[in-house]
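Given next are the chains, with one letter for each unit.
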Amino acid sequence: MPLIVGFDLDMTLIDPRPGMAAVMDAVAAESGYPLDGAHFAANLGPPLDMTYRDFGVPEEEIPELVARFRALYPEIVIPATVALPGAAESLAAVRELGGTTIVVTGKYRANAALHLAALDWEVDHLFGELWSTGKAEALKLHGACAYVGDHVGDVRGAKAAEAVSVAVVSGPCSAEELTAEGADVVLPDLTGFPDWLRANAERLSAEQVSAANGRRAPR
């Protein structure tokens, strides 16, 4: 069975923070609500509706502001986004080993697809608007053996899918927070992931086969 590896997007594969801050500030200027773009960009992970609630936006106005954010997104965020160190190499490492890549993100899927296209990255499957344990739905569907993310919500998603949780300290969560949440592996960033994957590919494949047969091989 080939390796099936899932990745988060924001602050795992890409750094969209300048554009995310600019879009949120633009929505704030239009709506009059005290939305803090810098704070939002520094804490990427939770879905937009949750973020708006935390900023005090009335529930009935959240759908409109979500739609506005998504409409402004392509022109502002896509051109300002860069790949994080090791991201392209990590995706390539999965393919090198004959594996399958899945991107599972809380981001609106259409905008996530624009990021992949802008960076000329090809992945086998893309899922959007999934957060925390909700990510397990997509990971289980394709039998992912590992999920790579930067947020404690990503660790929860991996655990709910019974996948190995690989956490990178490139987002808002510290190594201590990721470890406390139950991450199996914590890396400073993705630059070390290809070597880790090559060293553990056989074990991950064995676990994947065991999971597919309804049992879990010991780690």
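Please read these numbers as outputs of a predicted model, since none were measured by experiment. (Residues numbered from 1 in each chain as written. Predicted model: local features only at pLDDT ≥ 70, side-chain atom pairs only at ≥ 80, totals over all residues. Heavy atoms only, no water.)

Visitor: Can you break down unusual backbone geometry residue by residue, with the values?
Guide: The residue Asp120 is not glycine, and still its phi comes out positive at about 60 degrees. Positive phi values are uncommon outside glycine, yet Ser132 reaches one of about 55 degrees. Within the element layout of this structure, Ser132 appears in the loop between strand S5 (125-127) and helix H7 (136-141). (Helix = DSSP H or I, 4+ residues; strand = E, 2+ residues; numbered from the N terminus.)

Visitor: Tell me about the environment of Tyr73, and name the residues and values.
Guide: By the secondary structure assignment, Tyr73 is in helix H4 (residues 62-76). For Tyr73, a relative accessible area of 1% corresponds to the buried category. For the pair formed by Tyr73 and Ala183, sequence separation is 110 residues and the distance between their alpha carbons is 31 Å. Setting aside residues up to four positions removed in sequence, Tyr73 forms contacts with Met20, Val23, Ile78, Lys107, Asn111 and His115. Here the side chain of Tyr73 touches His115 through a polar contact of 2.6 Å, side chain to side chain. (Buried < 20%, exposed > 50% of the residue type's maximum accessible area, 1.4 Å probe, protein only. Contact = heavy atoms within 4.5 Å. Polar contact = N/O pair within 3.5 Å; in protein donor to acceptor, adjacent residues only side chain to side chain.)

Visitor: Which residues make up the nonpolar core, and what values go with them?
Guide: Core analysis: the largest hydrophobic core is formed by 30 residues, its most contacted members being Val5, Leu13, Phe193 and Leu197. Contributing elements (two or more residues each) for this core: strand S1 (4-7), helix H5 (87-96), helix H6 (109-118), strand S6 (146-149), strand S7 (164-168), strand S8 (185-187) and helix H10 (193-212). Looking at which element gives the most residues to this core, the answer is H10, with 5 residues. If we skip the residues at most four places from it in the chain, Leu197 touches Leu3, Val5, Ala93, Val94, Leu97 and Leu204. Core analysis: the second largest hydrophobic core is formed by 25 residues, Leu48, Tyr52, Val57 and Leu72 among them. (Core = buried A, V, L, I, M, F, W, Y, C linked by side-chain atoms within 4.5 Å.)

Visitor: Outline H5, supporting the account with residue identities and numerical values.
Guide: What H5 keeps buried is the set Ala87, Ser90, Leu91, Ala93 and Val94. Viewed along the axis of H5, the buried residues span an arc of 155 degrees, placing them on a single side of the element. Gly98 sits one or two positions beyond H5 and adopts a positive phi of about 80 degrees. (Arc of directions from axis to C-beta.)

Visitor: Please set out the pairing of strand S4 (residues 100-104) residue by residue, giving values where relevant.
Guide: Among the 5 residues in S4, 5 count as buried, and that is most of the element. On S4, burial covers both faces: Thr100, Ile102 and Val104 on one face and Thr101 and Val103 on the other are all buried. The pairing of S1 with S4 spans 4 bridges and is parallel. What sits directly across from Gly6, in S4, is Ile102. Bridging between S4 and S5 involves 3 bridges; their strand directions are parallel. Residue Ile102 lies in a different strand from S5, and its bridge partner there is His125. Handedness of the crossover joining S4 and S5 through H6: right-handed. (Pairing = 2+ DSSP bridges. Right-handed = clockwise from strand over helix to strand, strands pointing away.)

Taken by themselves, the reported measurements are silent on function.
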